[in-house]
Amino acid sequence: MESRIRGNDDASRTPGQGPGLLLIVSCLSVETSSRPYGLLSLISRLSVETSSRPYGLLSLVSRSRLRLAPTVSCLSSLVTCAMFIRSISGLRATLGDDLTPDVVARYAVAFSAVLPEGPIVVGRDGRPSGLWMEQVLIGALRACGRTVRQLGMVPTPTVQLLTEHSDAVGGIAITASHNPAPWNGLKFVDAGGVFLDAEGNQKLWDAVDHHAATLSPAQQSGSLEIVDDANEQHVRRVLALAAVADAPPANGETVVVDAVNCSGSFIVPMLLERMGYHVVRLYADGSGVFPHTPEPLTENLTDLGRAVVEHGAVFGVAVDPDADRLVLFDRHGVAIGEERTVALAARAVLSAGHLGPVVVNFSTSRMVDDVAGEFGQHVERAPVGEINVVRHMQRIDAVIGGEGSGGVIYPACHSGRDSIVGLALISAMLRKNGKHLDDVCRLTPSYTMIKTKFDLASRSDMHPVTERILQVFAEHVSSTDDGIYLRWDNSWAHVRASNTEPIMRVIAEAPSQDQAQALVESITALVHG
C-alpha cells in the first residue's frame, strides 16, 4: 500500500496540530507599553495572521517585534507547558500541539531532501513517545525512497557511530537529551557522524519552512533494515580501542548503574560486564520512565550515591537519557563532579601514550589543562556546543576532547560525545593502575566553579557591558570567540550573552569558593557601570 505525506498550510490549522498560541505570537508585530497585558487580552487587540511554521517561544520572540513587560506572567507559564525549540542542537518540543506526527514527518522529508542518495540511520533514546516518532520517521523516509536502518532504542552516540562507520549518508536520533518527560525531539547527523553545523541546520530549516521538499506519485517506497545488534557493534568497537584493549579485566567488582531507564539501560551494563565487573542495575530497565529528574546532576542522583555504598561498589555510573553524558560516583558514594569526566578521560588517553592536543569548550574546567600539562600537551578551547568542539578537534587533529557537562569525544572511536567511550577509557585506566576512582581524582588539583547569570534591561545594554568588561580586564582577555574568556594563572571566567534574552551568563573557576565568588562579583559589578 502506498502512503503519501504532504506538508501544507491547512495541515498546520488542524485541531491538535494547529499553530496554537505560540505560533500566533510568532506572527505578531507588537510593541506593548509598560502595562502588563495578559496574552489573551493582547491577542484580542490584534489582527492575527498565521503561517505554517512552528517556532518555540524563545525563537518566536526573537523573530517577531514582540516586546512584553516583565510582569506578563502568562508567558512564563507558557514556557513550562508548551515549547518548540530548534537550534544547533536539533529540534526539541513538548508533546501535544507542539510535537505532532505532521511536524516529525515534515522534518524527516526535508532532511531526506538535503542529503545525497543513500541509507539513513534512525535510533531513539527510549522515551515512550519515541515509539510513534520512530514509526513516523521511518514511514516518511521510506516515502522518500530511502533505505532506513532502524536501530531501536540506542544511545545517540550509537546512531553517530553507526552512521560514521558505514555507507549511511545521515542519521536521526530521536531524543530530547536531558529534558523532562513531556519533551522529545530530533537530532540530525551528517554522513561523518557529526551533528549538523550552523550551515547544515539552516539548509534543513529552509527546506522545512519553504516546503522545498515535496513528494510525488513517482516516488517508490524505500526499504527497511532492522539492526538488532547496534549496542553490540558499539561495545565491540569501544573494547577494541588501543587505550582500552590492553587493560586487565576486572575481578567481579560491583558497579551500580543509573541509566534513568533509557537508552543506556542495556549497553552500559553490557560494556561493564564485558570488562569483568558485576553490575547492579539501579535504574536500567529500558522502560523510558524516568525515576527522577533526568539530567545527571548530583542533586538528581542521590539514590545512586546510596546504592554505591550499600552494595560496596567500586564506583557508580550515571548517564542521561540519550547516554552521551557520563557522571561517576566514587566508592564512597560521592559524585566526583561532571567536570572531572573529561579530565579523567584525557588522563586515560594521554597516560596510555596517545599524545596530542586536547580540545574542550570555553566553559570547561581547567583541570583538563592540568592533566594535559603533566604530559607536555596543550589544550585549545572552542565555543560552547558539541559541533564546535568537534570541528576544532578535526582542524588540529586532537586526540581527545569534550565538554565539562560529562561529554567525552574520542575521535579514535567516533566524532561525538559518548558516555560508553568515556566509561571504557576511565575504567581501563583504573584497572591498569590498580587504583580507585577517588585516588586518581586526587592526582589533579581541585577547583570551585560558580555559574550565575544577570539580567539586563534590554539586549541593547549588552554591548556597553561587554565593552566595560573588555576594558577593565584587558590584560586577562584570552579569547572573544565565544563571549569573553578571561584567564589568570590558576583561575578563569567566561562571560556569554544569551542569544535570545537580555541575559549575560558568567562562569568562574578558581582554587577556592571565595576566589571564584570574588571573580563573579568583580564582573557583575560592571553591569551598572
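Residues numbered from 1 in each chain as written. Predicted model: local features only at pLDDT ≥ 70, side-chain atom pairs only at ≥ 80, totals over all residues. Heavy atoms only, no water.

**Q** An account of the environment of V109 is requested, with residue identities and associated values reported.
**A** Locating V109 in the fold gives a position in helix α5 (residues 101-114). Residues V109 and A212, 103 residues apart in the sequence, show an inter-C-alpha distance of 9.5 Å. Filtering out sequence-adjacent residues up to four positions away, V109 remains in contact with A140, C144, A213 and L215. (Helix = DSSP H or I, 4+ residues; strand = E, 2+ residues; numbered from the N terminus. Contact = heavy atoms within 4.5 Å.)

**Q** Help me get a handle on the packing of helix α9 (residues 230-239) against helix α11 (residues 264-274), residues and values and all.
**A** Close contact between α9 and α11 brings their axes to 10 Å; oriented N to C, the two are set at 40°. Here α9 is positioned oblique relative to α11, judged by the angle of their axes. The interaxial crossing formed by α9 with α11 has right-handed handedness. For the pair α9 and α11, contact is made by N231, E232, H234, V235, V238 and L239 and by F266, I267, M270, L271 and R274, respectively. (Axes fitted to C-alpha atoms, helices over the stretch in contact; angles between N-to-C directions. Parallel < 35°, antiparallel > 145°, perpendicular 65-115°, else oblique. Left-handed = near helix turned anticlockwise from the far one by under 90°.)

**Q** Explain the sheet that holds strand β20 (residues 503-510) to me, using residue names and the numbers behind them.
**A** Strand order in this open sheet of five strands is β16-β20-β19-β18-β17, and the pairing throughout is antiparallel. On the outer flanks of this sheet lie β16 (448-455) and β17 (477-479), each paired with one strand and no other. Going from strand to strand, the sheet's axes swing by 20° on average, the running direction of each strand aside. Examined bridge by bridge, strand β19 (residues 492-497) and β20 share six bridges and lie antiparallel to one another. By the bridge assignment, A497 is partnered in β20 with M504. (Pairing = 2+ DSSP bridges.)

**Q** Give me the lowdown on unusual backbone geometry, citing residues and values where you can.
**A** Unlike most non-glycine residues, S177 shows phi in positive territory, near 55°. As for its position among the elements, S177 is in the loop between β5 (170-174) and β6 (183-190). The exposure class of S177 is buried, given its relative accessible area of 1%. Phi is positive for N261, which is not a glycine, with a value near 60°. Mapped onto the fold, N261 is located in the loop between β8 (254-258) and α11. (Buried < 20%, exposed > 50% of the residue type's maximum accessible area, 1.4 Å probe, protein only.)

**Q** Explain the side chain of R149 to me, and be specific about the residues and the numbers.
**A** Mapped onto the fold, R149 is located in strand β4 (residues 148-153). Beyond its immediate stretch of four places on either side in the chain, R149 contacts P119, I120, V121, V122, S166, D167, A168, E225 and V227.

**Q** Give a description of the packing of helix α13 (residues 339-351) against helix α16 (residues 419-433) that names residues and reports values.
**A** A pair of packed helices is captured by two measures, namely the crossing angle of their axes and the spacing between those axes. At a closest axis distance of 9 Å, the pairing of α13 and α16 adopts a crossing angle of 60°. The angle between the axes of α13 and α16 places the two elements in the oblique class. For α13 against α16, the interelement crossing comes out left-handed. Residues T341, L344, A345, R347, A348, V349 and S351 of α13 lie in contact with α16, whose contacting residues are L425, I426 and M429. Per-class residue counts for the contact of α13 with α16 are seven nonpolar, two polar and one charged. (Nonpolar A, V, L, I, M, F, W, Y, C, P; charged D, E, K, R; others polar.)

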